[in-house]
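Given next are the chains, with one letter for each unit.
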Amino acid sequence: MSRELTELQALLVLNALPNIGPITTNRLLETLGGDPRHIFAADARTLQAVRGVGPVIADSLLGWENHFDLAREEDRLAKTHAEFIPARDPRYPAALREIHDPPIGLYQKGSYRWDRPGIAIVGSRRTTLYGQTVAKRFAGELARAGFCIVSGLARGIDTAAHEGALEAGGATAAVLGTGIDLVYPPENLDLYRRVEAGGAIVSEFPFGRRADRQSFAMRNRIVSGLCAAVVVVESDVDGGSMITAKFAGEQGRQLFAVPGRIDQSTSAGCHQLIRDGATLCTSVDDILADLQSLPGLHPAALRGPGSTGAAAKPSPALTESEAKVHAAFAGGEILTIDALGEKTALPYAELAPALMMLELKKLVSKRLDGTYEVRG
């Protein structure tokens, strides 16, 4: 029966079996030719010749039907309108492929297609009003600037980050430490549904997988892996966000930490991260300034699909609001944000993110006195 599996079915089984993680699974795929069906067609001796595969893993692979109900999993996928996206599928997040131990596939609900850079905003479940306000404001501003806000749907900072992105009309993605059918905490059911409608719910775990310490740590590596940067808003020194920050460092992601009160434990982790080299972050401008140097966010990568030709200067694609703001500098003027508001008739909620994106695309510069000028 194992020989009759489709490639997608074989990956679903591999992803769900006990005692075998993504590193060993990817090693098996590399050793046995890349087709997951070859793994189930191999004998015990061949399997155990692969580094990291012992009798326990070999027995799980050979007797996979005793550990996993494939028909039930496929039925759940169909009934919940979810999909399992293998790592080799072009819809799989490109940034996640770069990490050391990418999932061999992701369960996803929601139509978001990972077509913009991600920024993770994470922090404590036991947060302060200050932390919630900062997370929500940062998420809203970054979402309006064109980033996908990634977090873990947990209480506290995660919830504020998703809320901020949704209220700004931007994209947001929630990475679960459970199966995609389980909502934790349960009071976030409405948020879960809104994130699904406006972005994506993702998990590497099969249906029904309950949360534990291991699953949350595995979730955290995906949160950072999906993103160009991780922003820690509030965290104790032993908080789960410190694990996400550690993964960010290992994965080569930009790491930012928001300072807080020195007498509150909810900011102790952030202060430790800053001492250890994370960028101190007090505004979205701090994030954008650092991200401008990343290859994936260079203007050449942001130019519109109609821009071609290696010799031509890249021409970044502009939204309607960005085009209005850029046109306001036609006379070479140096303008305040109030003057830009008058010239463009744009409300601040549109003007501010448009300016941020023009800075990111290196078309406009903010001067030391707070005014703006077009770049030559």
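All figures in this text were calculated on a predicted structure; none of them were measured in a lab. The numbers attached to residues start from 1 for each chain and follow its sequence in the written order. In keeping with the predicted nature of the model, local features appear solely for residues at pLDDT of at least 70, side-chain atom pairs appear and are counted solely at 80 or more, and the whole-chain, interface and lining totals rest on all residues. Here the side-chain values reflect all heavy atoms present in the structure, with hydrogen atoms and water set aside.

Some words on the overall build of the chain
- Secondary structure elements are defined from DSSP: runs of H or I of at least 4 residues count as helices, runs of E of at least 2 residues count as strands, and each element is numbered from the N terminus. Within the chain, the regular secondary structure consists of 18 helices and eleven strands.
- At 23 Å, the chain has a C-alpha radius of gyration in line with the 21 Å of a compact globule built from 376 residues.
- In terms of principal-axis extent, the alpha carbons of the chain reach across some 75 × 55 × 40 Å.
- Within the chain, buried positions represent 52% of all 376 residues.
- Contacts are assigned to residue pairs with any non-hydrogen atoms lying within 4.5 Å of each other. Look at the contacts in the chain between residues 6 or more apart in sequence, and 68% of them connect residues 24 or more apart.
- In this description, accessible areas are obtained by the Shrake-Rupley approach with a 1.4 Å probe, and a residue is regarded as covered only by the protein chains that are shown. Carbon and sulfur atoms form 51% of the exposed surface of the chain, whose accessible area is close to 17,300 Å².
- On the chain, the mean spot of the 40 positive side-chain charges and the mean spot of the 44 negative ones are 1 Å from each other. Taken over C-alpha atoms, the radius of gyration is set against a globule rule of 2.2 Å times the number of residues to the power 0.38. Three labels apply to residues, based on accessible area from a 1.4 Å probe with only protein chains included: buried if under 20% of the type maximum, exposed if over 50%, partly exposed otherwise in between. A positive count includes Lys and Arg, and a negative count includes Asp and Glu. His and the chain ends are not counted in either. A single reference atom marks each charge: NZ on Lys, CZ on Arg, CG on Asp, CD on Glu.

With respect to the layout of surface pockets
- Both cavities and pockets are sets of points on a 1 Å grid over the protein atoms alone; in a cavity a 1.4 Å probe fits but cannot get out, in a pocket the set is open with protein on both sides within 12 Å along at least five of seven lines, and lining residues sit with an atom within 4 Å of a point. Grid points are joined across faces, edges and corners, and a volume is the space filled by probe spheres set on the points. Within this model, the second largest pocket holds a volume of roughly 590 Å³.
- Together, 24 residues line the second largest pocket, and Arg-125, Asp-238, Gly-239, Gly-240 and Ser-241 are the ones closest to its centre.
- Note on residue classes: Ala, Val, Leu, Ile, Met, Phe, Trp, Tyr, Cys and Pro are nonpolar, Asp, Glu, Lys and Arg are charged, and everything else, Gly too, is polar. Taken together, the residues of the lining of the second largest pocket break down into six nonpolar, ten polar and eight charged.

Re empty space enclosed by the protein
- Counting across every chain of the model gives one cavity of 30 Å³ or more.
- Quantified by volume, the largest cavity comes out at close to 60 Å³.
- Taken together, the residues that form the lining of the largest cavity break down as six nonpolar, three polar and two charged.

Everything listed is a geometric property; what it means functionally is a separate question.
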